[in-house]
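Coordinate analysis (summary)
Here is what each chain is made of, one letter per residue.
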Amino acid sequence: MRRISVGTTCVALVWQLLLAGLLAGAVLCACWVAPTEATMGHAQRIVYLHVPVAWLGLLAMLVMAVCGASYLCTRRLLWDQWFQAAAESGWLCTSLTLVTGSLWAHEAWGTWWEWDPRLTSAFVMWCIFCGVLLVRSGLDDPHRAARAGAVLGILGALDVPLVVMATRWFRGLHPVAPQMDPVMRWTLLFCGLAFTLFFGWVVHHRRQQIALEQLAMRLQLQTEPE
Amino acid sequence: MLAQFWWIIQKDLMSELRGRRSWPAMLVLGIVVALVFGLQMDLLPQQRQQVLGGLLWLAVFFAGMTAVDRSFAAEHEDGCWQGMKLLPVGPGTLFLAKWLVNTIALLALSAVLIPLFFVLGEQPLWRHAGELAQIAVLACPGLAAVGTLVSALAIGSGRGGSPLVLVVLPLVIPVVLAAAECTRLAVQGEFTDSSGRWLQMLAAFAVIFTTAGTLLFEFAIED
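Just so it is clear, the structure is predicted and the values come from calculations on it, not from any experiment.

Glancing now at helix H10 (residues 196-220) of chain B. Taking 1.5 Å of rise per residue, the 25 residues of H10 of chain B would be expected to cover 36 Å, and the 34 Å separating its terminal C-alpha atoms lies within 8% of that figure. Along H10 of chain B, the sharpest kink reaches roughly 35°, centred on Thr214 of chain B. When H10 of chain B is considered as a whole, its buried residues turn out to be Trp198, Met201, Leu202, Phe205, Ala206, Phe209, Thr210, Gly213, Leu216, Phe217, Phe219 and Ala220 of chain B. Among the structural elements, helix H2 (47-74) and helix H5 (142-157) of chain A together with helix H6 (91-120), helix H7 (129-156) and helix H8 (168-187) of chain B are those in contact with the buried residues of H10 of chain B.

Next comes the structure, spelled out in structure tokens:
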């Protein structure tokens, strides 16, 4: 077992403080620094959460595909732990995308939901996350679960270009690269960076938790009487 | 290699012809769904043109999956699945043979359901026959590719007939949506002007999913 030194703990603490500072800065910028939009008012600030979580949902799907392919090539469960952590975090991000998008749509379009190409494709991606997690949860053998997840994750990632290009290929209500005030744009980029680092931190810690769960299960099996 | 490929296709088609294991159930389910939708289609002609494509392709998907889901069930139930895996052919060839059989099944289903939906929806079928054939030929391979791979995964995971099939729908939604939109354009007489991008999308998904299936099949059928 790896021994955790004082130095490692200090580095982790510094990283966590830095991350907390970045997140607090992102919230401050989104709520107070960015100017209020002329037509939508404060409701437009949802964008500073909506766009980063939407991007992270797509990133999670790509991470799943890479980890799935790596598992299929190496058969190391370490890759599957990353896969599961990314899948769960991606599901959360896509759920947040749908919720924040719905709130924004209510203010901008006067409706909670519209079968717009981008909204539909985001919903499809949410269904894929649900499907992958459901299938994995039904399989007891870790290697079978890893294999099923990897195959479905790679297939799911093939839908990502459709989600990304939905607003460019098909006409819909969802805005495509709208003109923004420079302060708004920088705030959005800063929020994107802060949330991406936070996502990486969440995935990393969830991966460690999964590894510990699997270790505990193995130890339990070893110590149980025949 | 090619001989074994044709042999697997011939075996599956012959076995279906003699045993009638899944195609009759698929066709009956499709017809029942079409009739139920037909009963509910008490709409104005323009509204009917709007919804016909979506209902048609959902019926093809749900009925078709009953046959695609059982792609490997016969071998599994009759205890010759291990024998199939020992055939001197690559897993990709086995996948392509099963995919072709499933594509034929879905095309047969479309050949029954498209006229039925058009008759029930009171739309002229012959005017759009060529366009509809084009849509079916591009949509069915994509549906069959994902269905075949997931069906193999269900058998490989030891969970035949499991809820794995539920994940097929979100994966193939782009194909179902594109086919439905193409059908709507055909019914409304706008096929030639506006369907190009949707047809390209159907063709792209057919190629992408079939290639992915051929590459991933080896991992899906592992014990």
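Moving on, we get to the packing of helix H3 (residues 77-108) of chain A against H5 of chain A. Residues and elements named next belong to chain A. Two elements in contact, H3 and H5, have axes whose closest approach is 10 Å; the angle formed by their N-to-C orientations is 55°. Regarding the angle of H3 to H5, the classification is oblique. Considering how the two elements wind past one another, H3 and H5 form a crossing that is left-handed. Counting all contacts with H3, which are made through Leu77, Asp80 and Phe83, the residues of H5 involved are Pro142, Ala146, Gly149, Ala150 and Gly153. Of the residues that constitute the contact of H3 with H5, the class distribution is five nonpolar, two polar and one charged.

Time to look at unusual backbone geometry. Residues and elements named next belong to chain A. With a phi angle near 60°, Arg75 is a residue other than glycine that sits in the positive phi range. Looking at where Arg75 falls in the secondary structure, it is placed in the loop between H2 and H3. For Arg75, a count of 12 C-beta atoms within 10 Å corresponds to the exposed category.

To continue, consider the nonpolar core. Met64, Ala86 and Val151 of chain A together with Val146 and Leu202 of chain B are the most contacted members of the largest nonpolar core, which has 123 residues in total. Sort the elements by how many residues they give to this core and H7 of chain B lands first, with 16 residues.

So, on to the environment of Leu92 of chain A. Residues and elements named next belong to chain A. Along the chain, Leu92 turns up in helix H3. A residue is classified by how many C-beta atoms lie within 10 Å of it, and Leu92, with 17 of them, is partly exposed. Considering only alpha carbons, one finds Leu92 and Gly57, 35 residues apart in sequence, at a separation of 8.0 Å.

So, on to the interface of chain A and chain B. Residue-level contacts link 21 residues of chain A with 20 residues of chain B. Put simply, the parts of the chain that give the side of chain A that touches chain B at least two residues each are helix H4 (117-137), H5 and helix H6 (160-169) of chain A. With eight residues, the top contributor of residues to the side of chain A that touches chain B is H5 of chain A.

What counts and what doesn't
Residues numbered from 1 in each chain as written. Chains lettered and ligands numbered in written order. Predicted model: local features only at pLDDT ≥ 70, side-chain atom pairs only at ≥ 80, totals over all residues. Helix = DSSP H or I, 4+ residues; strand = E, 2+ residues; numbered from the N terminus. Expected span 1.5 Å × (residues − 1). Bend = angle between axes of the 7 residues up to and from the residue. Buried ≥ 20, exposed ≤ 12 C-beta atoms within 10 Å, placed from the backbone. Contact = placed C-beta atoms within 7 Å. Axes fitted to C-alpha atoms, helices over the stretch in contact; angles between N-to-C directions. Parallel < 35°, antiparallel > 145°, perpendicular 65-115°, else oblique. Left-handed = near helix turned anticlockwise from the far one by under 90°. Nonpolar A, V, L, I, M, F, W, Y, C, P; charged D, E, K, R; others polar. Core = buried A, V, L, I, M, F, W, Y, C linked by C-beta atoms within 7 Å.

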